[in-house]
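Structural characterization, general
Spelled out, the chains give:
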Amino acid sequence: MSTTTPEETTETPEATIAAARERIDALDDRIIGLVQERMAVSAVVQQTRIASGGRRVSLNREMEILARYRDALGRPGTALAMTLLELCRGRI
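Residues numbered from 1 in each chain as written. Predicted model: local features only at pLDDT ≥ 70, side-chain atom pairs only at ≥ 80, totals over all residues. Heavy atoms only, no water.

**Topic: the confidence of the model for the protein chain**
Defined as follows: Confidence per residue, as judged by the predictor, is encoded in pLDDT with a range of 0 to 100. In this text, helices come from DSSP runs of H or I with a minimum length of four residues, and strands from runs of E with a minimum of two, each type numbered from the N-terminal end.
Across the protein chain, pLDDT averages 92, with 90% of residues at or above 70. Averaged pLDDT values for the elements of the protein chain fall to 57 in helix H1 (residues 6–9) and rise to 98 in helix H3 (residues 59–73).

Dropping the structure here:
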């Protein structure tokens, strides 16, 4: 039988916050890396589309992306998708 009290096994609020912030920072690093990867892949798509006589931007595809983010994340997801699209293709 353990003799530790709940107070001895529970982290302090400061420690909980610090650990959560470390996790958030790690997630942010991964998200930034994924966005950079998305930007590179998008550049390939744009270059290929232009080289084959197409347009740089496909509005139908962008509408699909906006809908996907909106469906998954709600209205703020649309704003996030718009930001990603702008990062990946530049301003229209």
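On we go from here.
**Brief notes about the layout of surface pockets**
Applicable threshold: Lining residues are defined by having an atom within 4 Å of a point belonging to a cavity or pocket. Those points lie on a 1 Å grid over the protein atoms alone, cavities being sets where a 1.4 Å probe fits but cannot get out and pockets being open sets with protein on both sides within 12 Å along at least five of seven lines. Grid points are joined across faces, edges and corners, and a volume is the space filled by probe spheres set on the points. Note on residue categories: nonpolar means Ala, Val, Leu, Ile, Met, Phe, Trp, Tyr, Cys or Pro, charged means Asp, Glu, Lys or Arg, and polar means any other residue, Gly included.
Of the volumes computed, that of the largest pocket is approximately 290 Å³. For the largest pocket, the lining is made up of 15 residues, of which Arg38, Ser42, Val45, Arg61 and Ile65 are closest to its centre. Counting only elements with at least two residues in the lining of the largest pocket, the list comes to helix H2 (13–51), H3 and helix H4 (75–89). At six residues, H2 tops the list of elements feeding residues into the lining of the largest pocket. For the lining of the largest pocket, the per-class residue count stands at six nonpolar, three polar and six charged.

**Points about the nonpolar core**
Here is the rule: Among the buried residues, those of types Ala, Val, Leu, Ile, Met, Phe, Trp, Tyr and Cys that are joined through side-chain atoms within 4.5 Å form a nonpolar core. Burial here depends on accessible area, computed with a 1.4 Å probe over protein chains only, as a share of the maximum for the residue type. Under 20% is buried, over 50% is exposed, and the range in between is partly exposed. Contacts: residue pairs with any heavy atoms within 4.5 Å of one another.
Judged by nonpolar contacts, Val35, Ile65, Leu66, Tyr69, Ala81, Leu84 and Leu85 together constitute the single largest core of seven residues. Elements that contribute at least two residues to this core include exactly H3 and H4. Among all residues touching Leu85, those that are not within four sequence positions of it are Arg38, Glu62, Ile65, Leu66 and Gly90.

**Overview of the pattern of salt bridges**
Spelled out, the test is: Salt bridges, as used here, are contacts in which a Lys or Arg side-chain nitrogen is within 4 Å of a carboxyl oxygen on Asp or Glu.
Overall, the coordinates contain three salt bridges when judged by the stated rule. Here Asp71 ties to Arg70 by a salt bridge, and the two come within 4.0 Å at their closest N and O atoms. You can call Asp71 exposed: its relative accessible area is 60%.

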